[in-house]
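# Structural features, examined
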Amino acid sequence: GVLGAGSWGTALAMVLSRNGARVKLWSHLPAQVKQLRQDGENREFLPGISFPDRLEVTDDLGSAVQYSDEVLVVVPSHAFQQVLESAAPLCNADSSVSWATKGLEPLTGKLLHQVAEECLGPRPFAVISGPSFAGEVARGLPTAITVASASRRHAKRVAGYLQCDCFRPYTSEDVIGLEVGGATKNVMAIAAGIADGLGFGANTRAALITRGLAEIMRLGLTLGGRQETFMGLGGLGDLVLTCTDDQSRNRRMGLALARGLSVDQAQGEIQQEVEGVMTAREIHQQARLLQVEMPITEQTYLVLFAGQDPRAAVQSLLERQSKAETG
């Protein structure tokens, strides 16, 4: 059962189905389900890429999870808790749960594995993350990602469902590191989009990516993640991808803000969920609570929520007092 029929949920459902699994792709919107069945593809997000034969679309949550040995959640982070609470009484007691959602729980700032444990109780969990645009995955272009679980056996099991000649999953036991990397890189991508949109050039982009990684590592290590995770696919890999390519909705948000659009105007232009906007607020809050220095995150937060001028935000970063790079 794959919960969430956006671009990423659909792409992962297609990978699983092409690999021989019987997949039920769930959407909470009956009209969307009707359209997906009629078209035989996700024409809104992944036009021209036909569904495999073993992929079935449904708006019945019970049908998607009741008989599934693995449930994969791919909904926006703000809907994550609600979907899990709805699925909890319907899930097979023996089923495992994974998610490819990137973000934190709104308001509380909880990592998603904490939310999953509260909603579903003890069972095998895994998180899927890494540098992966949905369109390229759906088209079968070579992609590598990471599957993390406290259970090495479960991580290998989920990786086995996904493994094929164009999709390579690596495994990890660092759930926290993978979650922090996947969430925070979206904030850095907004910052990189702002800088590029203002015409600051390749030097600035490289500096933002590098110092952004330093921020991600500071927060991740404080929360209990492992340093090597942030140098891997779910850290550096995902950060480079989202900061440098316009397929990234978060980068496009930054580009739009640099053109003078408001957050709401930019969101309307992009017409898809931009996870980094709400995540910037939650990460900023966590950094303050934990007293972790995250200047790029702070300036991005101020642009998004406090009316800070984007050019002034970049200038503020440049004017910070000089310090040792590894300090």
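Conventions adopted
- Residues numbered from 1 in each chain as written.
- Predicted model: local features only at pLDDT ≥ 70, side-chain atom pairs only at ≥ 80, totals over all residues.
- Heavy atoms only, no water.
- Helix = DSSP H or I, 4+ residues; strand = E, 2+ residues; numbered from the N terminus.
- Buried < 20%, exposed > 50% of the residue type's maximum accessible area, 1.4 Å probe, protein only.
- Salt bridge = Lys/Arg side-chain N within 4 Å of Asp/Glu carboxyl O.
- Axes fitted to C-alpha atoms, helices over the stretch in contact; angles between N-to-C directions.
- Parallel < 35°, antiparallel > 145°, perpendicular 65-115°, else oblique.
- Contact = heavy atoms within 4.5 Å.
- Nonpolar A, V, L, I, M, F, W, Y, C, P; charged D, E, K, R; others polar.
- Polar contact = N/O pair within 3.5 Å; in protein donor to acceptor, adjacent residues only side chain to side chain.
- Pairing = 2+ DSSP bridges.

### As for unusual backbone geometry
Phi is positive for L107, close to 75°, though the residue is something other than glycine. Examined against the element boundaries, L107 turns out to sit in the loop between strand 5 (96-99) and helix 5 (112-120). Judged by relative accessible area, which is 65%, L107 ranks as exposed. Positive phi outside glycine occurs at Q271, with the angle close to 65°. Summarising the element assignment, Q271 is placed in the loop between helix 13 (263-270) and helix 14 (275-290). By relative accessible area, Q271 is classed as exposed at 63%.

### Considering the pattern of salt bridges
When the charged atoms of two side chains with opposite charge come close together, those side chains can pair. In this structure the tally under the stated criterion is 15 salt bridges. Between K110 and E118 there is a salt bridge, with its nearest N and O atoms 2.8 Å apart. We note a salt bridge from D196 to R205, for which the minimum N-O separation is 2.8 Å. We classify R205 as partly exposed; its relative accessible area is 25%.

### Digging into the packing of helix 8 (residues 175-197) against helix 14
Contact geometry of helix 8 with helix 14 gives a least axis separation of 8 Å together with a crossing angle of 110°. Classified by the angle their axes make, helix 8 and helix 14 are roughly perpendicular. The residues of helix 14 that touch helix 8, namely those facing A183, T184, N186, V187 and I190, are E275, G276, V277, T279, A280 and I283. Within the contact of helix 8 with helix 14, the residues separate by chemical class into six nonpolar, four polar and one charged.

### Quick notes on the side chain of K102
One can find K102 in the loop between strand 5 and helix 5. Residue classification places K102 among the buried residues on the basis of a relative accessible area of 13%. Only 3.2 Å separates the side chain of K102 from the backbone oxygen of G130, close enough to count as a polar contact. Not counting the four nearest positions on each side in its chain, K102 is found in contact with S77, S129, G130, G182, A183, K185, N186, D238 and E275.

### Considerations on the environment of L318
Here L318 shows up in helix 16 (residues 310-318). A sequence separation of 67 residues divides L318 from R251, and the C-alpha atoms of the two residues are 20 Å apart.

### Comments concerning the packing of helix 8 against helix 15 (residues 295-305)
Contact pair helix 8 / helix 15: the axes reach a minimum separation of 9 Å and the direction vectors enclose 70°. For the element pair helix 8 / helix 15, the angle class is roughly perpendicular. The segment helix 8 lies against helix 15, with V187, M188, I190, A191 and I194 engaging I296, T297, T300, V303 and L304.

### With respect to helix 12 (residues 249-258)
In terms of residue burial, helix 12 counts as a mostly covered element, since eight of its ten residues are buried. Listed as buried for helix 12 are N250, R251, M253, G254, L255, A256, L257 and A258. Between a side-chain oxygen at the N-terminus of helix 12 and the backbone nitrogen of N250 the separation is 3.3 Å; the capping residue is S248. At the exit of helix 12 stands G260, carrying a positive phi of roughly 100°.

### Here's the deal with the pairing of strand 6 (residues 125-129)
Of all five residues making up strand 6, five are buried, and the element is well covered by its neighbours. On strand 6, burial covers both faces: F125, V127 and S129 on one face and A126 and I128 on the other are all buried. The pairing of strand 5 with strand 6 spans three bridges and is classified as parallel. Bridged to W99 within strand 6 is V127. Two strands pair when backbone bridges link them, and strand 6 and strand 7 (residues 143-148) are joined in this way by three bridges, in the antiparallel orientation. Each bridged residue has a counterpart across the sheet, and for S129 the counterpart in strand 7 is T146.

Honestly, it's all geometry; don't read function into it.
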